[in-house]
Structures are given as C-alpha cells and as structure tokens.
There are 2 protein chains.
Amino acid sequence: MQLNIDHIHNLIQNYPDFPKQGILFRDITPVFRDIQSLNILGEFFYEKFRDIDIDYVAGIEARGFILATLLGLKFKKGVIMIRKAGKLPGSTIKQDYDIEYGTATMEMQRDSMKKGDRVLIADDLLATGGTAATAAKLVEELGGTVSGFAIIVELLSLGGGKLLKSKGYPLCSMVSY
Amino acid sequence: MQLNIDHIHNLIQNYPDFPKQGILFRDITPVFRDIQSLNILGEFFYEKFRDIDIDYVAGIEARGFILATLLGLKFKKGVIMIRKAGKLPGSTIKQDYDIEYGTATMEMQRDSMKKGDRVLIADDLLATGGTAATAAKLVEELGGTVSGFAIIVELLSLGGGKLLKSKGYPLCSMVSY
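Remember, it's a predicted structure, so these values are computed and weren't measured experimentally.

Conventions we followed
Residues numbered from 1 in each chain as written. Chains lettered and ligands numbered in written order. Predicted model: local features only at pLDDT ≥ 70, side-chain atom pairs only at ≥ 80, totals over all residues. Heavy atoms only, no water. Helix = DSSP H or I, 4+ residues; strand = E, 2+ residues; numbered from the N terminus. Rg over C-alpha atoms; globule rule 2.2 N^0.38 Å. Buried < 20%, exposed > 50% of the residue type's maximum accessible area, 1.4 Å probe, protein only. Contact = heavy atoms within 4.5 Å. Areas by Shrake-Rupley, 256 points an atom, 1.4 Å probe, with all protein chains shown as cover. Lys, Arg positive; Asp, Glu negative; His and termini not counted. Charge placed at Lys NZ, Arg CZ, Asp CG, Glu CD. Core = buried A, V, L, I, M, F, W, Y, C linked by side-chain atoms within 4.5 Å. Pairing = 2+ DSSP bridges. Axes fitted to C-alpha atoms, helices over the stretch in contact; angles between N-to-C directions. Salt bridge = Lys/Arg side-chain N within 4 Å of Asp/Glu carboxyl O. Right-handed = clockwise from strand over helix to strand, strands pointing away. Parallel < 35°, antiparallel > 145°, perpendicular 65-115°, else oblique. Left-handed = near helix turned anticlockwise from the far one by under 90°. Nonpolar A, V, L, I, M, F, W, Y, C, P; charged D, E, K, R; others polar. Buried area = accessible area lost by both parts, 1.4 Å probe. Polar contact = N/O pair within 3.5 Å; in protein donor to acceptor, adjacent residues only side chain to side chain.

Trainee: Would you explain the overall build of chain A in this entry?
Mentor: What chain A contains, in helices and strands, is six helices and nine strands. Radius of gyration (C-alpha) of chain A: 16 Å, near the 16 Å computed for a compact globule of 177 residues. With respect to the principal axes defined by its C-alpha atoms, chain A has extents near 40 × 40 × 30 Å. Taken over 177 residues, chain A has a buried fraction of 56%. Sequence-distant contacts, at least 24 apart, represent 60% of the contacts inside chain A between residues at least 6 apart. In the form shown here, chain A has an accessible surface area of approximately 7,700 Å², with 46% of it arising from carbon and sulfur atoms. In chain A, which carries 21 positive and 21 negative side-chain charges, the distance between the mean positions of the two groups comes to 2 Å.

So, in structure tokens, the structure goes:
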C-alpha cells in the first residue's frame with residue numbers, strides 16, 4: 001500500500017513564536033481533524049512496527065494519547081497513559097526531567113503493566129528527546145521493555161532522534177524538519 | 001450484539017481521597033489498558049449515536065482525547081481537541097468556567113471546524129457538568145451544533161447529566177454511580 005505521507009505533511013501548520021518567542025511551533029491539530037490522516041497514521045506505524053512484539057501502546061500526555069489510541073486499536077492492544085505528575089491515583093512511579101527552566105515530572109501507575117511487557121511509546125512530537133527518554137525510563141523501572149517510539153513529527157536539529165537511537169530504542173518518525 | 005458493560009464496570013477502580021480529601025476518584029485507566037474494553041466502548045457509543053449526524057468527535061483534554069480518538073475511528077470522523085488554555089496556536093476562542101477554587105479556561109482553534117458542523121463531544125467523566133457545558137459553548141460559538149455527549153462514567157449525584165439534558169444535549173453515559 002502506497003501511503004500518502006505528503007497529505008499529512010501538507011496539513012501541518014507552522015506558527016512562529018508559539019508558545020514563546022523564537023519557537024517555531026509545528027501544529028498537527030489539522031492532522032487529527034482529518035480522518036484520512038488518522039488512517040494513514042495507523043497504516044504507517046503498523047507497517048513499521050508490525051514485526052515487533054508489543055503488549056501495550058503508551059501515550060505521553062496529552063497529544064500522545066491520540067496517537068496511542070489510534071495505534072492501540074490498530075495493533076489490538078490496550079493503551080497506557082504516561083501522565084504529568086499528580087493526575088494518576090494509586091501507587092505510582094515518577095521521573096523528573098529537565099525542561100527549559102527547571103524540571104517537570106512524569107508519572108505512571110505501578111499496575112499499568114507487568115514485568116516483561118513490551119511497550120510501544122507514542123507521541124506527536126520529538127524535540128530534544130527529554131520527555132521520550134523519561135517515558136522510556138518509567139517503562140523500564142516497571143520491568144518493561146520499550147518496543148520502540150512512534151512519533152509524528154521529529155525536529156532533527158534538536159537531537160532527540162539521536163538520543164533515543166544512542167540508547168538503542170527503535171524510532172519511527174513520519175515527518176522530519 | 002450483547003455488550004458486556006459489566007466487564008468495564010468491574011475494571012473501574014475506586015480511590016478514596018484522591019486527588020484530595022473527601023473525593024472518591026473513579027479510575028478508568030484499567031479500562032483504557034484493556035483492548036476488549038476499548039472495543040466495547042466503541043460499539044456501545046456507536047450503537048447510541050449511529051443515527052445522529054456527526055462531522056467531528058471532540059475530546060476534552062486530556063483523558064477525553066482517548067475516547068474521542070476511539071469514536072472518531074469508529075464513526076470515521078476527524079478528532080478535534082478542546083484544550084486547557086495556552087496550548088493551541090493560531091486564532092482561538094476561550095471560555096472560562098468555575099472550578100472548585102477560582103476559574104479555569106478552555107480553548108479551541110477557530111479553524112477547528114466550520115459553521116454548521118455537528119460535533120460529538122467525548123470525555124471520560126461527567127461530574128457537575130461544568131467542563132462539558134463549557135465545551136459545548138465553545139462548539140456553538142464556532143457556529144457548530146453539539147450532536148451529543150459520550151461519557152464513560154457519570155456521577156449522578158453531582159448533577160452534570162441533568163444540566164446537559166436541561167440544555168437539550170443528547171447524553172449517553174456508560175456507567176453511572
């Protein structure tokens with residue numbers, strides 16, 4: 001099947017200076033709004049990861065939840081939420097990570113998976129890779145294995161792809177800038 | 001098709017005093033983690049809304065994104081994000097709403113839909129209905145019509161269902177407490 005990646009590429013909008021001066025924001029909301037794009041996303045990542053063992057698809061809050069759900073249904077696997085701190089009840093594990101000024105924290109429920117589970121991590125955007133690497137750490141702290149990363153937009157100049165590959169994680173991004 | 005709603009009901013976990021003293025938190029993360037539940041959710045809401053015109057499914061940040069994606073794929077419609085303020089680029093509209101202490105703000109992009117579009121709004125939980133009613137206001141401010149609300153868990157004592165019905169919105173919730 002020939003997938004029309006250009007269709008997705010053309011829908012991504014560019015907003016200079018959002019959310020702050022100097023940042024060029026790549027907006028994928030028009031992609032999610034378009035059912036044809038959702039189907040292309042599903043097919044694209046299914047082709048890339050169909051031969052890899054996956055028990056769950058984990059989405060990174062918040063836009064990652066959309067791709068994670070799409071891929072969960074495609075791979076017929078449940079969806080796990082990797083959330084910002086304070087939003088998940090019960091016993092959880094946390095990881096701090098650096099953001100531009102200071103640190104942020106991500107959290108997972110301890111019972112969200114069991115030892116040995118293989119998890120595909122989904123997010124809309126890969127920049128420095130700090131968030132993605134932290135998500136992987138959480139999965140591994142729970143005894144799981146990262147099957148790979150499914151990313152819609154990769155910002156090559158920020159080095160996230162190199163970081164993830166240096167740690168041995170399979171990475172598939174659809175559109176690169 | 002006989003849908004096993006009990007299967008979903010049984011997966012929902014109860015956490016007293018989360019996120020604060022006196023609140024009984026109904027946790028649906030085990031539902032999202034379970035592919036059988038995702039399929040039941042899709043079938044359930046499809047049966048309820050299949051005869052209603054829908055152009056988009058809108059999800060309320062953040063857990064609503066998961067159900068919205070599930071239903072978007074089921075209805076073969078695109079997914080719109082209704083977000084907390086400050087996260088959407090471009091021209092947007094905002095609505096304040098009351099939360100326990102003070103106010104919060106929700107936001108949609110102006111170009112997320114066009115006049116006359118019919119929108120099914122999805123969220124995981126309906127409590128007082130403040131968030132849901134605000135989401136509806138945003139859709140209507142953009143010239144759209146609310147086709148209905150798809151809700152996984154409704155907390156009957158908090159009155160959100162009555163509020164939405166008093167405004168004439170079709171409401172379908174799967175599990176009630």
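Trainee: How should I be thinking about the nonpolar core in this particular structure?
Mentor: It is characteristic of soluble globular proteins that their nonpolar side chains tend to be buried jointly. Residues A:Leu41, A:Phe45, A:Leu71, B:Leu41, B:Phe45 and B:Leu71 are the most contacted members of the largest nonpolar core, which totals 68 residues. Excluding anything up to four places from it in sequence, B:Leu71 contacts B:Leu41, B:Gly42, B:Phe45, B:Val57, B:Leu120, B:Ala122 and B:Ala150.

Trainee: What should I look at first to understand the sheet that holds strand β7 (residues 118-126) of chain A in this one?
Mentor: Backbone-to-backbone hydrogen bonds join strands into a sheet, with any given pair of strands oriented parallel or antiparallel. All names here are of chain A. Pairing is mixed in the open sheet, where seven strands are placed in the order β5-β6-β4-β3-β7-β8-β9. Every interior strand has two partners, whereas the edge strands, β5 (92-98) and β9 (171-176), have only one. Going from strand to strand, the sheet's axes swing by 20° on average, the running direction of each strand aside. In this sheet, strand β6 (residues 103-109) lies alongside strand β4 (residues 78-84) in antiparallel orientation, the contact comprising two bridges. Opposite Arg83, over in β6, you have Glu107 as the bridge partner.

Trainee: I keep staring at the pattern of salt bridges and nothing clicks. Help me out?
Mentor: It is possible for side chains of opposite charge to pair when their charged atoms get near one another. Residue and element names in this part refer to chain A. Within this structure, the stated rule accounts for 20 salt bridges over all chains. For the salt bridge of Asp55 with Arg118, the shortest nitrogen-to-oxygen distance reads 2.9 Å. Highlighted residues: Asp55 in the loop between α3 (35-49) and β3 (56-60) and Arg118 in strand β7, separated in sequence by 63 residues. Here Arg118 falls in the partly exposed class, since its relative accessible area comes to 30%.

Trainee: In this structure, what is going on with the pairing of β4(A)? I would like to understand it.
Mentor: Working note: regular strand, side chains alternate between the two faces of the sheet. Residue and element names in this part refer to chain A. Within β4, six of the seven residues are buried, which leaves it mostly tucked inside the rest of the structure. Here β3 pairs with β4 via five bridges, running parallel. In the strand pairing of β4, Val57 is matched with Val79. On the question of chirality, the crossover connecting β3 to the parallel β4 by way of helix α4 (residues 64-75) is right-handed.

Trainee: Would you mind going over the packing of α4(A) against helix α4 (residues 64-75) of chain B with me for this structure?
Mentor: For any two helices packed against each other, one specifies the crossing angle of their axes together with the interaxial distance. Where α4(A) meets α4(B), the closest approach of the two axes is 8 Å, and the angle between their N-to-C directions is 45°. In terms of orientation, α4(A) lies oblique with respect to α4(B). Handedness of the crossing formed by α4(A) with α4(B): right-handed. Between α4(A) and α4(B), the residues in contact are A:Phe65, A:Ile66, A:Thr69, A:Leu70 and A:Leu73 and B:Phe65, B:Ile66, B:Thr69, B:Leu70 and B:Leu73, respectively. A per-class count over the contact of α4(A) with α4(B) returns eight nonpolar, two polar and no charged.

Trainee: Looking at this structure, how should I read the interface of chain A and chain B?
Mentor: Interfaces are often sized by the accessible area lost when the parts come together. Each side of the interface is counted separately: chain A has 37 residues, and chain B has 37 residues. Both faces considered, chain A and chain B share a buried interface measuring about 3,000 Å² in area, 67% of it formed by carbon and sulfur atoms. For chain A, the biggest contributors to the area lost against chain B are A:Arg33, A:Leu73 and A:Pro89; these three give 21% of the whole. In this assembly, chain A and chain B are joined by two salt bridges. The salt bridge partner of A:Asp111 is B:Arg33, with a shortest N-O separation of 3.8 Å. Where chain A packs against chain B, one counts ten residue pairs in polar contact (both at pLDDT 80 or more). Elements supplying a minimum of two residues to the side of chain A that touches chain B: β2 (24-27), α2 (29-32), α3, α4 and β4 of chain A. Of the residues contributing to the side of chain A that touches chain B, the split by class is 17 nonpolar, nine polar and eleven charged.

Trainee: Hey, could you run me through the packing of helix α3 (residues 35-49) of chain B against α4(B) in this one?
Mentor: Residues and elements named next belong to chain B. The geometry of α3 relative to α4 is characterised by a closest axis approach of 9 Å and an angle of 60° between their N-to-C directions. The angle between the axes of α3 and α4 places the two elements in the oblique class. As α3 runs across α4, the sense of the crossing is right-handed. Residues Leu38, Leu41, Gly42, Glu43, Phe45, Tyr46 and Phe49 of α3 lie in contact with α4, whose contacting residues are Leu67, Leu70, Leu71, Lys74 and Phe75. Here the contact of α3 with α4 is composed, by residue class, of nine nonpolar, one polar and two charged.

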